Amino acid sequence: MDIFNYRRRASHEVRVGSRPLGGSQPLRLQSMTTTATTDVEASLQQTLRIAAAGADYVRLTAQGLLQAEALASLEQRLRAAGCDCPIVADIHFNPAVADRAAAIVEKVRINPGNYVDPARTFKHFEYTDEEYAAELARLEARFLALLDICRAHGTALRIGVNHGSLSDRIMSRYGDTPEGIVESCMEFLRICQRQHFADVVVSIKASNTVVMVRSVRLLCQTMSREGMDFPLHLGVTEAGEGEDGRIKSAAGIGALLADGIGDTLRVSLSEEPEKELPVARAIADYATARAGHLLIPGREAPDFDYCRPVRRSTRPVLNIGGGNLPVVFSVRPGLSGAAAAACLPSARPDFVYCGAALPTAAERVEGAAYVVDAPAWTGEAGTYPAFTPDNLFAVGACRAEAKFLFLSYPALNEEVRACLRLHPEMAVVAQSNHANPLGEHRALAHELWAEGLQNPVIFFGHYATATLDALQLHSAVDMGALVFDGLCDGLALWSAEVEAERRDDTAFALLQATRARTTRTEYISCPGCGRTLYDLQQTIARVKAATAHLTGLKIAVMGCIVNGPGEMADADYGYVGAARGRISLYRGKTCVEKNIPEAEAVERLLALIRADGREA
């Protein structure tokens, strides 16, 4: 693929009721109800609200045959209300329920990790090649029955892999790897291919955005190699809520959409489902608006691997690059008074660019190094000069220990290359005003990489946005991809309409969402569905209020056990619905307290953290 120029990945069209997806169809948006599916009236009203908010499809859980039968009544009442939005049955653990639902709804989602394989136990099993082949034959025999029903009723199918519910069989052979996640998909897709069943959508979801992006990239490569062009559904599962959930979703989903990957998407927030749709629309519109942009003539560095990226090797400049975590470079030219030094507690920038003049000592961010335009640099300790291609003639005479160069890809000429080669103490601040800033930023970093120039790169995202929400989503789409590519040594975000401290906070949140740098507590929480066993939103609020000071910890809040133990295996602690009014607590993927009363659960979680000596 061309990593510099946007082009939508080719896929074939799949029939989903009155709204096909893939091929030349627009990006389709979807969400999922949180009501009990057997409560048809509540599910109907919520489905209508979700559809009115802009969803092309609405998904409902079907844990058993009772829920599957309720979908028939819901479908009838939905059409009577004049709504043609297709509904999707979400199936776990029970193939018989999938069979029944496939005769009722327009699309069925099954999870390869628990469709035929038993629920994950985190146990390792040894399989001979013959035993493994026998398991695949058993899977195919059962799956063929579902395909026959789907074919007879014109029902589409989603093969939806969740990182948190990979089967023990897959884990035992492939490990907890993108390769294992992809193989879990491919086992089912190969059967569909052999059976000439094309109405299939495929998805790979994870709460870890790095795993999600790498796995989807690898899936695209694997499908292409095997002659498949199934459309893709995108999502970051258990993204959470609020700003962090939005940024995390935009980083994972947007990094793929910006490369033309994806035909339908869901933003999974621990909020009312209709609130997901405006966020999904904003991400989709921003990522696809770059279509038809002017060509970027980039060349890919020979050592870059899109599916298995590693961090570009750089020589450190101060604490930028090398083995250092990415820095936050605050852009604050012309600010004075309290605004010049303002910062949020968890978002104190590493560097501040102040433009043509240094602020007074009282107007500086405590602990930050300052970068000032080279003509105004006086040699003051803790300050460093910034150059542009127009004043490179002065670099040789400057005795600063570290220097910065504001540079765009079109300005990277032979003179600039020679200067960077002679001055390894210079860090690049990459700028772009191109319609596809991601592509142009990539082109600059890849050119340095291909030329063997090891100067670290800070990516400067300039956004003409009027709101903080837009800055968060747009920057996550572009900058998230650069972090996942291994190209990012630092971030700088600018929007004239957003306060400096909120721009910096967004940069730190983005680095945390992409697993590049942790500066606050991370929450992994599901969006809820008909399986959720407690008031998810109130519980998340209580857990956050009690644990927000635990910087660096990852805490999961999960509505039920379907994906809970798996998706939160990456978390330090987990709070999982076990039964109505009952909670189980986990340390990592190990359950340490079972079925405790919900009223006691938050305090018991805090007691567990204290007992482990992990409370600050």
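Every value quoted in this text rests on a predicted model; they were computed, and no experiment measured them. (Residues numbered from 1 in each chain as written. Predicted model: local features only at pLDDT ≥ 70, side-chain atom pairs only at ≥ 80, totals over all residues. Heavy atoms only, no water.)

*Asks:* If you had to explain helix α7 (residues 209–225) to someone new, which residues and values would you point to?
*Replies:* The terminal C-alpha atoms of α7 lie 24 Å apart, and with 17 residues this matches the ideal 24 Å at 1.5 Å per residue to within 8%. Burial within α7 is extensive, with 12 of its 17 residues counted as buried. A side-chain oxygen of the first residue of α7 lies 2.9 Å from the backbone nitrogen of Val210; this N-cap is Asn208. Just downstream of α7 lies Gly227, where phi reads positive at about 75 degrees. (Helix = DSSP H or I, 4+ residues; strand = E, 2+ residues; numbered from the N terminus. Expected span 1.5 Å × (residues − 1). Buried < 20%, exposed > 50% of the residue type's maximum accessible area, 1.4 Å probe, protein only. Polar contact = N/O pair within 3.5 Å; in protein donor to acceptor, adjacent residues only side chain to side chain.)

*Asks:* How would you summarise helix α15 (residues 536–547) if you had to cite specific residues and measurements?
*Replies:* Relative to the 16 Å expected for 12 residues at 1.5 Å per residue, α15 spans 16 Å between its end C-alpha atoms, a close match to the ideal helical length. Among all positions in α15, only Leu536, Thr539, Ile540, Val543, Ala546 and Thr547 are buried. Buried positions in α15, seen along its axis, are confined to an arc of 135 degrees and lie on one side of it. On its buried face, α15 sits against β17 (522–525), β18 (554–558), β19 (573–579) and α17 (598–611). (Arc of directions from axis to C-beta. Contact = heavy atoms within 4.5 Å.)

*Asks:* Account for the pairing of β17, naming residues and giving values.
*Replies:* In β17, alternate side chains face the same way, and those of Glu522 and Ile524 on one face and Tyr523 and Ser525 on the other are all buried. Judged from the four bridges that link them, β17 and β18 form a sheet pairing that is parallel. The residue bridging Glu522 from the neighbouring strand is Lys554, located in β18. (Pairing = 2+ DSSP bridges.)

*Asks:* Kindly report on the sheet that holds strand β10 (residues 351–355), identifying the contributing residues and their values.
*Replies:* Strand order in the closed barrel formed by eight strands is β9-β10-β11-β12-β13-β14-β15-β16, with parallel pairing between adjacent strands. On average, each strand axis in the sheet is inclined to that of its neighbour by 25 degrees, with strand direction left out of account. Sheet topology places β10 next to strand β11 (residues 369–373); four bridges connect them, and they run parallel. Paired with Phe351 across the bridge in β11 is Ala369. Here helix α12 (residues 437–450) sits on the sheet and contacts β13 (403–408), β14 (426–431) and β15 (457–462); the angle it forms with β14, its principal contact strand, is near 155 degrees. (Axes fitted to C-alpha atoms, helices over the stretch in contact; angles between N-to-C directions.)

*Asks:* Lay out the environment of Ile296 with the relevant residues and their values.
*Replies:* Relative to the assigned elements, Ile296 resides in the loop between α9 (276–288) and β9 (327–331). C-alpha separation for the pair Ile296 and Ala418, spaced 122 residues apart in sequence, amounts to 22 Å. Discounting residues that sit within four places of it in the chain, Ile296 has contacts with Phe4, Asn5, Tyr409, His434, Asn436, Gly439, Glu440 and Ala443.

*Asks:* Give me unusual backbone geometry: which residues, what numbers.
*Replies:* Unusually for a residue other than glycine, Phe93 sits at a positive phi of about 75 degrees. When you line up the elements, Phe93 lands in the loop between β3 (87–91) and α3 (95–102). What makes Phe93 partly exposed here is its relative accessible area of 40%. The backbone of His196 sits at a positive phi, close to 55 degrees, despite the residue not being glycine. Inspection of the secondary structure assignment puts His196 in the loop between α6 (178–194) and β6 (200–205).

*Asks:* Give me the nonpolar core: which residues, what numbers.
*Replies:* Judged by nonpolar contacts, the single largest core of 143 residues is most densely connected at Val108, Ile110, Phe143, Leu157, Leu265 and Phe459. The element best represented in this core is helix α13 (residues 468–484), accounting for 10 residues. Excluding residues within four positions of it along the chain, Phe143 makes contact with Ile110, Tyr115, Leu157, Ile159, Phe188, Ile191 and Cys192. Counting residues in hydrophobic clusters, the runner-up holds 28 residues, among them Val543, Tyr573, Val576 and Ile583. (Core = buried A, V, L, I, M, F, W, Y, C linked by side-chain atoms within 4.5 Å.)

*Asks:* Explain the packing of aromatic side chains to me, and be specific about the residues and the numbers.
*Replies:* All chains considered together, the criterion is met by 12 aromatic pairs. Summarising the aromatic geometry, the rings of Tyr115 and Phe143 are spaced 6.1 Å apart at their centres and angled 80 degrees between planes, so their arrangement reads as edge-to-face. Remark: Phe143 occurs in helix α4 (residues 129–153) and Tyr115 occurs in the loop between β4 (107–110) and α4; sequence separation between them is 28 residues. Of the two residues, Tyr115 and Phe143, neither departs from the other in class, the shared state being buried. Measuring from centroid to centroid gives 5.7 Å for Phe329 and Phe404, while their planes differ by 45 degrees, and the two rings are tilted. Pair noted here: Phe329 is in strand β9 and Phe404 is in strand β13, with a separation of 75 residues, a long-range link. Taken together, the ring pairs connect Phe329, Phe351, Tyr353, Phe404, Phe406 and Phe460 into an aromatic cluster. For the cation-ring pair, Arg173 lies above Tyr132, with the distance from its terminal atom to the ring centre recorded as 4.1 Å. The side chain of Arg364 reaches across the aromatic face of Tyr370, ending 5.6 Å from its centre. (Phe/Tyr/Trp six-rings, centres within 6.5 Å; stacked < 30°, edge-to-face > 60°. Lys NZ or Arg CZ within 6 Å of the ring centre and 35° of its normal.)

*Asks:* Kindly report on empty space enclosed by the protein, identifying the contributing residues and their values.
*Replies:* Using the criterion set out here, one finds three cavities of 30 Å³ or more in the structure. As a volume, the second largest cavity reaches approximately 190 Å³. When residues in the lining of the second largest cavity are grouped by element, the largest group, four residues, is from helix α8 (residues 242–257). Here the residues of the lining of the second largest cavity are counted per class, giving six nonpolar, five polar and six charged. (1 Å grid on protein atoms, 1.4 Å probe; cavity = no way out; pocket = protein on both sides within 12 Å on 5 of 7 lines; lining within 4 Å. Points joined across faces, edges and corners; volume = space filled by probe spheres on them. Nonpolar A, V, L, I, M, F, W, Y, C, P; charged D, E, K, R; others polar.)

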